[in-house]
Amino acid sequence: MSSSDIFIGETIGTAILILLGGGVCAAVTLKASKARNAGWLAIAFGWGFAVMTAAYISGPLSGAHLNPALTVALAIKDGDWSNVPTYFAGQMLGALIGAALVWVAYYGQFLAHLTDKEIVGGPGAQATSAKAVEAQEKGAGPVLGIFSTGPEIRNVAQNVATEIIGTFVLVLAVLTQGLNDQGNGLGVLGGLITALVVVSIGLSLGGPTGYAINPARDLGPRIVHALLPLPNKGGSDWSYAWIPVVGPLAGGAIAAGVYNLAFA
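The following paragraphs examine the structure supplied in this document. (Residues numbered from 1 in each chain as written. Predicted model: local features only at pLDDT ≥ 70, side-chain atom pairs only at ≥ 80, totals over all residues. Heavy atoms only, no water.)

With respect to the pattern of salt bridges
Move 1: Under the criterion given, the structure shown has four salt bridges.
Move 2: Asp78 is the salt-bridge partner of Lys77, the closest N and O atoms lying 2.9 Å from each other.
Move 3: Given a relative accessible area of 21%, Lys77 falls into the partly exposed group.
Move 4: Classification of Asp78 by relative accessible area gives partly exposed; the value is 44%.
Move 5: Note that Asp218 is salt-bridged to Arg222, the shortest N-O span being 2.7 Å. On the criterion of helical spacing, the pair formed by Asp218 and Arg222 is a turn pair, its members being four residues apart in helix α11 (residues 215-227). (Salt bridge = Lys/Arg side-chain N within 4 Å of Asp/Glu carboxyl O. Buried < 20%, exposed > 50% of the residue type's maximum accessible area, 1.4 Å probe, protein only. Helix = DSSP H or I, 4+ residues; strand = E, 2+ residues; numbered from the N terminus.)

Here's what the structure looks like:
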């Protein structure tokens with residue numbers, strides 16, 4: 001694979017991943033969305049299908065890493081770090097593009113949601129409204145969860161551990177079951193296997209932190225949230241932002257170490 005193929009494949013694939021994954025979060029969250037309140041099952045399966053779609057689209061070009069944690073794991077497994085910067089660049093650009101496309105697709109719903117007094121508070125809102133109180137918190141705004149993850153209970157050690165564990169499961173599953181014949185990306189069945197693993201992680205381990213398990217998936221959309229001209233959008237919770245970056249990278253590295261010790 002050439003550097004240009006890797007960059008283009010990862011950009012397109014990660015953009016599709018975030019468009020569909022962030023899209024299901026928007027569909028479930030925003031007012032005037034037909035899927036509003038569809039629940040956690042919809043989110044878990046939506047992200048799984050997003051991974052599958054993105055993997056099949058980008059696989060022929062880049063091997064469909066779509067995740068810096070997987071890129072690091074494969075570099076540790078193979079001892080080749082030469083293409084890591086190219087993968088990272090494509091993944092981050094794709095994540096930015098995908099998040100911006102979610103905003104475009106749900107533009108009217110974002111405006112309706114963020115001008116509703118029950119959501120954002122303000123004059124006329126009930127002082128005891130849980131949604132209004134949540135929107136006034138300094139950390140995360142009322143639509144940040146569409147773009148990036150956040151913990152239900154803020155405990156740094158637990159939050160980091162949760163992201164490490166979830167990413168460990170994902171990366172080890174890819175390394176043992178999902179690699180193509182060259183061992184450098186997802187195979188034909190690997191996309192489906194990985195999608196089902198992502199659904200499983202979401203259902204089983206997603207409750208505490210929202211299962212970022214992918215630094216680009218969280219950081220890129222968080223940057224877009226900070227830059228978008230959304231009214232009453234609230235903060236981007238930068239004090240938490242390092243956890244869904246460091247945790248997945250550590251989880252991927254640990255998974256690669258275990259793979260080399262136990263399976264290689």
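Some thoughts on a nonpolar patch on the surface
Move 1: A grouping of Phe7, Ile8, Ile12, Ile57, Leu93, Ile97, Leu101 and Val104 is seen on the molecular surface, where their side chains present a nonpolar patch of about 620 Å² in accessible area.
Move 2: Contributing elements (two or more residues each) for the nonpolar patch: α1 (3-29) and α4 (84-105).
Move 3: Looking at the nonpolar patch, the element that brings in the most residues is α4, giving four residues.
Move 4: Tracing the sequence through the fold places Ile8 in helix α1. (Patch = residues over 30% accessible without salt bridge, like charges linked within 9 Å, V, L, I, M, F, W, Y side chains within 5 Å. Areas by Shrake-Rupley, 256 points an atom, 1.4 Å probe, with all protein chains shown as cover.)

Looking at the packing of aromatic side chains
Move 1: Inspection of the entire model under this criterion finds five aromatic pairs.
Move 2: Pairing Phe45 with Phe49 gives two aromatic rings, centres 6.2 Å apart and planes at 45°, and the pair type is tilted. Of the two residues, Phe45 and Phe49 both sit in helix α2 (residues 40-62), four residues apart, roughly one turn of that helix.
Move 3: Taking relative accessible area as the criterion, Phe45 reaches 36% and is therefore assigned partly exposed.
Move 4: Aromatic pair Tyr259 and Phe263: ring centres 5.8 Å apart, planes at 20°, arrangement stacked.
Move 5: Given the relative accessible area of 14%, Tyr259 is considered buried.
Move 6: Classification of Phe263 as partly exposed rests on a relative accessible area of 48%. (Phe/Tyr/Trp six-rings, centres within 6.5 Å; stacked < 30°, edge-to-face > 60°.)

Thoughts on α2
Move 1: With 23 residues, α2 extends 31 Å from end C-alpha to end C-alpha; this agrees with the ideal 33 Å at 1.5 Å per step.
Move 2: For α2, the principal kink sits at Tyr56 and spans about 35°; a proline, Pro60, occurs within the next four residues.
Move 3: What α2 keeps buried is the set Ile43, Ala44, Gly46, Trp47, Gly48, Ala50, Val51, Ala54, Ala55, Ser58 and Ser62.
Move 4: On the buried face of α2, the contacting elements are α1, α4, α10 (190-205) and α11.
Move 5: Of the residues flanking the end of α2, it is Gly63, one or two places downstream, whose phi is positive at about 85°. (Expected span 1.5 Å × (residues − 1). Bend = angle between axes of the 7 residues up to and from the residue. Contact = heavy atoms within 4.5 Å.)

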